[in-house]
Amino acid sequence: MKKLHTAVLVGCLLGMSSLAYAEVANLTNSADGANRDAGIAAVKKKLQEACTDRKGTPDADSFEVVFEKTSENPNVPKPYYVDGKMKCDLP
């Protein structure tokens, strides 16, 4: 009976801990770049900054390019457009 009470108490304490309330958010953003690599780097940076602004931890391994497009106009200084998403572990 003592083990049951201990198990219930431990379960309640774990349930009330801050780890139990952690949340994962999927952030999305877009950026332009001079080429594909510059566009991807810019959108990654924006997503990481958005996550840390929310006091979260960015999961760089979860980064994914959702959409990409190159402008046909040669006079555009940043012709490469990228949409990306990344997971953010929020407290």
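Residues numbered from 1 in each chain as written. Predicted model: local features only at pLDDT ≥ 70, side-chain atom pairs only at ≥ 80, totals over all residues. Heavy atoms only, no water.

Colleague: Got a sec to walk through the nonpolar core? Specific residues and values, please.
Modeller: Ranked by size, the top nonpolar core spans 14 residues in total, and within it L27, V43, L47, F63, V82 and C88 carry the most contacts. Counting residues per element, the ones that place at least two in this core are β1 (23–33), α2 (36–53) and β3 (80–90). (Core = buried A, V, L, I, M, F, W, Y, C linked by side-chain atoms within 4.5 Å. Buried < 20%, exposed > 50% of the residue type's maximum accessible area, 1.4 Å probe, protein only. Helix = DSSP H or I, 4+ residues; strand = E, 2+ residues; numbered from the N terminus.)

Colleague: Can you explain the sheet that holds β1? Please cite residues and give values.
Modeller: Strand order in this open sheet of 3 strands is β1-β3-β2, and the pairing throughout is antiparallel. The open sheet is flanked by β1 and β2 (57–70), the only strands paired with a single partner. Along the sheet, successive strands turn relative to each other by an average axial angle of 20°, direction set aside. Where β1 meets β3, 11 bridges bridge the pair, whose relative direction is antiparallel. Across the sheet, residue D32 finds its bridge partner in β3, namely Y81. Strands in contact with α2 are β1, β2 and β3; relative to β1, the strand with the most contacts, it is inclined by about 145°. (Pairing = 2+ DSSP bridges. Axes fitted to C-alpha atoms, helices over the stretch in contact; angles between N-to-C directions. Contact = heavy atoms within 4.5 Å.)

Colleague: For α2, give the residues involved together with the corresponding values.
Modeller: In this model α2 runs 26 Å from its N-terminal to its C-terminal C-alpha over 18 residues, within 8% of the 26 Å that 1.5 Å per residue would give. Listed in full, the buried residues belonging to α2 are G39, I40, V43, L47, A50 and C51. The arc that holds the buried residues of α2, viewed along the axis, is 100°, so those residues lie on one side. Away from its buried face, by an angle of more than 90 degrees, α2 presents the exposed residues D37, K45 and D53. (Expected span 1.5 Å × (residues − 1). Arc of directions from axis to C-beta.)

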